[in-house]
Amino acid sequence: MLKDTVYALPTLRGKHLTRTFGEGETRTTALCDVSLDLYPGQIALLMGPSGSGKSTLLAVLSGLLRPSEGQVLALGEDLWKMSERNRERFRLRHVGFIFQGYNLFPALTARQQIEMVLRWGEGTSGREARRRADEILALLGLAKKSQLRPAELSGGEKQRVAIGRALIKKPAFCFADEPTSALGWEHGQHVVELLCAAAHQQGATVLIVAHDPRIVPFMDHVWYLRDGSLTEAESDDS
């Protein structure tokens, strides 16, 4: 059931976003005049068929892909008027990413993948970084896998490490691209609950792209993207 919640001012606003690829006869429109607001403490879901523009919208909103037209305001700042360096600093400080491809470093253990976010991003001491990394690995059911490298982990285990890495710094924003796709439902539900906790307990703004309808009841808001156009789901008051 979608929540009927009153939020503060939006932390993330997409305004009239359009994104095209190619030129001339090969030009395609992935996003067409898309506008949406996301709020602190909100977990939202973006659904739609393959090729509808979901991952493109996620990349535009998170500062990874420049829109052809439109504006993205994050914490009151225009992401696409920032210099590349300042945009990278903004992402490092405020944004957690969960990618479909995991994006783990092959030479680092599960614990080190998470520790490096704290040590390099926040200047946390080695001892404290290890304590916090072990804590979140335990929450993710990976306490006994902390010394393993990506090649020694299953797809689902690698996805959970990536989720831990995204959430460990308690980001203002968390963007998740199919976070449950490589997981059985028991672990998938646990991951969704962790993302809900990041929103509802830590005040993060969480946006998930997914096909899995089982996660809809956990969401505060659901959008549908079809052929680059965005529509809102109707509230389910039943």
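See above for the structure.
Rules used throughout
- Residues numbered from 1 in each chain as written.
- Predicted model: local features only at pLDDT ≥ 70, side-chain atom pairs only at ≥ 80, totals over all residues.
- Heavy atoms only, no water.
- Helix = DSSP H or I, 4+ residues; strand = E, 2+ residues; numbered from the N terminus.
- Buried < 20%, exposed > 50% of the residue type's maximum accessible area, 1.4 Å probe, protein only.
- Contact = heavy atoms within 4.5 Å.
- Areas by Shrake-Rupley, 256 points an atom, 1.4 Å probe, with all protein chains shown as cover.
- Lys, Arg positive; Asp, Glu negative; His and termini not counted.
- Charge placed at Lys NZ, Arg CZ, Asp CG, Glu CD.
- Pairing = 2+ DSSP bridges.
- Core = buried A, V, L, I, M, F, W, Y, C linked by side-chain atoms within 4.5 Å.
- Axes fitted to C-alpha atoms, helices over the stretch in contact; angles between N-to-C directions.
- Parallel < 35°, antiparallel > 145°, perpendicular 65-115°, else oblique.
- Left-handed = near helix turned anticlockwise from the far one by under 90°.
- Nonpolar A, V, L, I, M, F, W, Y, C, P; charged D, E, K, R; others polar.
- Salt bridge = Lys/Arg side-chain N within 4 Å of Asp/Glu carboxyl O.

A. Quick look at the overall build of the chain. Secondary structure summary: the chain contains 6 helices and 10 strands in total. Its C-alpha atoms put the chain at 50 × 45 × 40 Å along the principal axes. Across the 238 residues that make up the chain, the buried fraction comes to 51%. At a minimum sequence separation of 6, the contacts of the chain that also span at least 24 residues come to 70%. When the accessible surface of the chain is summed, it comes to about 11900 Å², and 49% of that surface belongs to carbon and sulfur atoms. Each charge sign in the chain was given a centre, from 29 positive and 28 negative side chains, and these centres are 10 Å apart.

B. Broad picture of the pairing of strand S9 (residues 221-226). Bridge analysis of strand S3 (residues 43-47) against S9 gives 4 bridges, and the strand direction is parallel. Bridge pairing links Leu 45 to Val 222 in S9. Direction of pairing for S9 relative to strand S10 (residues 229-232): antiparallel, over a ladder of 4 bridges. Directly across from Tyr 224, in S10, lies its bridge partner Thr 231. Linking two consecutive strands that pair antiparallel, namely S9 and S10, is a turn of 2 residues; a positive phi of about 50 degrees is found at Asp 227 within it.

C. Up close: the nonpolar core. Membership of the largest hydrophobic core comes to 42 residues, with the highest contact counts inside it found for Ile 43, Leu 45, Leu 167, Leu 195, Val 206, Ile 208 and Met 219. Going through the elements one at a time, S3, helix H3 (110-121), helix H4 (126-139), helix H5 (155-167), strand S7 (173-177), helix H6 (185-200) and strand S8 (205-209) are the ones with two or more residues in this core. Among the elements that make up this core, the one with the highest residue count is H6 (7 residues). Excluding anything up to four places from it in sequence, Leu 45 contacts Ile 208, Ala 210, Ile 215, Val 216, Met 219, His 221, Val 222 and Trp 223. Of all hydrophobic cores here, the second largest spans 29 residues; its members include Leu 31, Leu 36, Ala 44 and Val 209.

D. Focus on the packing of H3 against H4. Orientation of H3 relative to H4, taken along the N-to-C sense of each, is 130 degrees, at an axis distance of 9 Å. With respect to each other, H3 and H4 are oriented oblique. Pair H3 / H4 crosses with right-handed handedness. Across from Ala 110, Arg 111, Ile 114, Glu 115, Leu 118 and Arg 119 in H3, the residues of H4 making contact are Gly 126, Ala 129, Arg 130, Arg 132, Ala 133, Asp 134, Ile 136 and Leu 137. Across the contact of H3 with H4, the residue classes tally to 7 nonpolar, 1 polar and 6 charged.

E. Representation of the side chain of Asp 212 within the structure. Following the sequence through the fold, Asp 212 ends up in the loop between S8 and S9. Apart from residues lying up to four places away in sequence, Asp 212 is in contact with Met 47, Thr 180 and Trp 185.

F. Region of interest: the pattern of salt bridges. For the structure shown, the criterion picks out 9 salt bridges. Linking Glu 115 and Arg 130 is a salt bridge whose minimum nitrogen-to-oxygen distance equals 3.5 Å. In this pair, Glu 115 sits in helix H3 while Arg 130 sits in helix H4, placing the two residues 15 residues apart along the sequence. Since its relative accessible area comes to 10%, Glu 115 is described here as buried. Judged by relative accessible area, which is 43%, Arg 130 ranks as partly exposed. Put simply, Lys 145 and Glu 157 hold a salt bridge, and the shortest N to O gap is 2.4 Å. Of the two residues, Lys 145 is situated in the loop between H4 and H5 and Glu 157 in helix H5; the sequence distance between them amounts to 12 residues. With a relative accessible area of 27%, Lys 145 lands in the partly exposed category. According to the relative accessible area criterion, Glu 157 is buried, its value standing at 12%. Several salt bridges share partner residues, and in doing so they unite Glu 84, Arg 87 and Arg 91 into one network.

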